[in-house]
Amino acid sequence: MTVNRVHTARALDEPVCIPLDEAIAVVEHGEMDEEVGLMRWGSNYTFLVNIVRDGIRLLAIYKPRRGERPLWDFPDGTLCNRETAAYLTSKALGWNLVPPTLLRAGTRGLGSVQLFIDHDPEEHYYTFDNPELLPKLERMAIFDAVANNADRKGGHCLVDEDGQLWGIDHGLTFNASEKLRTVIWDFAGLPIPEAILADLRLLCARLDDADDAYTRAMSALLSPIEMRMLEYRIARLLAEGSFPLPGVGPNRPWPAV
């Protein structure tokens, strides 16, 4: 699923569409020179910031590690790692479901920095009516099963002007314990398309190679047991060949949007 360009913004009232590689370079190497504001609806401190590189100014979402609220079921200070791991996994699968996200220094210390996606905030999973989104939602459902996403709300599914589906807010992912909570149960129990299985096999092979760049990067972000369970979840999907069914306990996040 090739994505060559991305809809982002220079400012809240100045959307822009630029090459994806150019946007990634700004997120990775740009200077975070201004905080536009605090995103007040999140559980953790989340800032909308400006990042500038070679005269290109873009908006990004910055989640500093020291602004993370302690949780009983996730190790302290690791949510920004998981945001980054989600992007790396989406990229390794070739699905481009997660906006460019990197673990880097910012105005408030180390944290995850994610490219802002320009979108209509009134459009989300529960309002989608375009059948062309169905294969993309299939990939997102499997991505969430791979990442063990505990918080796939409807509002975490965005669509840009090109109809590209993006998933955001991946701090609650890659836990070693079963945590899948999502609103995307449309495909539960159905066979996984062969194209998705083929991508999962390739990802599994990469994780088997300790020298692979993806495996090394993930191992720096997650614990050894979390890495082993990541491999286990992929192997289970390949063995079963079907979309996961809702498990015991809470299997939908709250609120749903």
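Residues numbered from 1 in each chain as written. Predicted model: local features only at pLDDT ≥ 70, side-chain atom pairs only at ≥ 80, totals over all residues. Heavy atoms only, no water.

A. Quick look at helix H4 (residues 194-207). With 14 residues, H4 should reach 20 Å at 1.5 Å per residue; the first-to-last C-alpha distance of 20 Å fits that figure. Residues of H4 that are buried: Ile196, Leu197, Asp199, Leu200, Leu203, Cys204 and Leu207. For H4, the arc enclosing every buried residue in end-on projection is 160 degrees, short of the 170-degree limit, so these residues lie on one face. The inward-facing, buried residues of H4 abut helix H2 (79-93), helix H3 (134-147), helix H5 (213-221) and helix H6 (224-240). (Helix = DSSP H or I, 4+ residues; strand = E, 2+ residues; numbered from the N terminus. Expected span 1.5 Å × (residues − 1). Buried < 20%, exposed > 50% of the residue type's maximum accessible area, 1.4 Å probe, protein only. Arc of directions from axis to C-beta. Contact = heavy atoms within 4.5 Å.)

B. Broad picture of the nonpolar core. Counting 66 residues, the largest nonpolar core has Ile142, Leu165, Ile184 and Leu200 as its most contacted members. Of the residues forming this core, the biggest block, 8 residues, is contributed by H3. Ignoring any residue separated from it by four or fewer positions in sequence, one finds Leu165 in contact with Asn96, Leu97, Phe128, Leu133, Lys136, Leu137, Met140, Cys157, Leu158 and Val159. Judged by nonpolar contacts, the second largest core, of 6 residues, contains Met39, Leu48, Ile61 and Phe116. (Core = buried A, V, L, I, M, F, W, Y, C linked by side-chain atoms within 4.5 Å.)

C. Broad picture of the packing of H3 against H6. Where H3 meets H6, the axes come as close as 8 Å, and the angle between the chain directions of the two elements is 135 degrees. If you check the angle between H3 and H6, you find them oblique. From H3, Ile142, Ala145, Val146 and Ala147 reach across to H6, where they touch Leu230, Arg233, Ile234 and Leu237. (Axes fitted to C-alpha atoms, helices over the stretch in contact; angles between N-to-C directions. Parallel < 35°, antiparallel > 145°, perpendicular 65-115°, else oblique.)

D. View of the pairing of strand S2 (residues 14-19). Bridge count for strand S1 (residues 5-11) against S2 is 6 bridges, and the pairing is antiparallel. Looking at S2, one finds that Val6 is bridged to Ile18. Between S1 and the antiparallel strand that follows it, S2, lie 2 residues. (Pairing = 2+ DSSP bridges.)

E. The arrangement of the packing of H4 against H6 in detail. Where H4 contacts H6, the two axes come as close as 10 Å, and the packing angle between them is 150 degrees. Viewed along their axes, H4 and H6 adopt a mutual orientation that is roughly antiparallel. In the crossing of H4 with H6, the sense of the turn from one axis to the other is left-handed. Each of Leu197, Leu200, Arg201, Leu203, Cys204 and Leu207 in H4 lies in contact with H6, whose residues at this interface are Met227, Leu230, Glu231, Ile234, Leu237 and Leu238. Broken down by class, the residue content of the contact of H4 with H6 amounts to 10 nonpolar, no polar and 2 charged. (Left-handed = near helix turned anticlockwise from the far one by under 90°. Nonpolar A, V, L, I, M, F, W, Y, C, P; charged D, E, K, R; others polar.)

F. Summary view of the pattern of salt bridges. Here the structure, examined in full by the defined rule, presents 14 salt bridges. Of the charged contacts in the structure, one is a salt bridge between Asp54 and Arg53, with a shortest N-O distance of 3.8 Å. With its nearest N and O atoms 2.8 Å apart, the salt bridge here joins Asp144 to Arg152. Owing to a relative accessible area of 0%, Asp144 belongs among the buried residues under this scheme. (Salt bridge = Lys/Arg side-chain N within 4 Å of Asp/Glu carboxyl O.)

G. Just the sheet that holds strand S3 (residues 31-38), in detail. Spatially, 5 strands are ordered S3-S4-S5-S7-S6 in an open sheet, and the strand pairing comes out antiparallel. Of all the strands in the sheet, just S3 and strand S6 (101-106) have a single pairing partner and so form its edges. Averaged over neighbouring strand pairs, the angle between their axes works out to 40 degrees when direction is ignored. The sheet contact formed by S3 and strand S4 (residues 47-53) spans 6 bridges and is antiparallel. Bridged to Leu38 within S4 is Phe47. Together, S3, S4, strand S5 (56-64), S6 and strand S7 (109-115) form the strand contacts of helix H1 (residues 20-29), whose direction differs from that of S6 by roughly 35 degrees.

H. Representation of the pairing of S7 within the structure. Burial of S7 is extensive: 5 of the 7 residues sit out of reach of the surface. As defined by bridge partners, S5 adjoins S7 across 5 bridges and the pair is classed as antiparallel. Looking across to S7, one finds that Ala60 is bridged to Leu115. Pairing geometry for S6 and S7, over 6 bridges, is antiparallel.

I. Representation of the packing of aromatic side chains. Per the counting criterion, the structure on display carries 4 aromatic pairs. Judged by centre distance (6.4 Å) and plane angle (15 degrees), the rings of Tyr45 and Phe47 are stacked. Using a relative accessible area of 6% as the deciding quantity, one classes Phe47 as buried. Ring plane angle 75 degrees and centroid distance 5.0 Å describe the contact between Tyr125 and Tyr126, whose orientation is recorded as edge-to-face. On the basis of relative accessibility, which here comes to 12%, the residue Tyr125 falls in the buried class. An aromatic cluster is built from Tyr45, Phe47 and Tyr62, whose rings are joined through pairwise contacts. (Phe/Tyr/Trp six-rings, centres within 6.5 Å; stacked < 30°, edge-to-face > 60°.)

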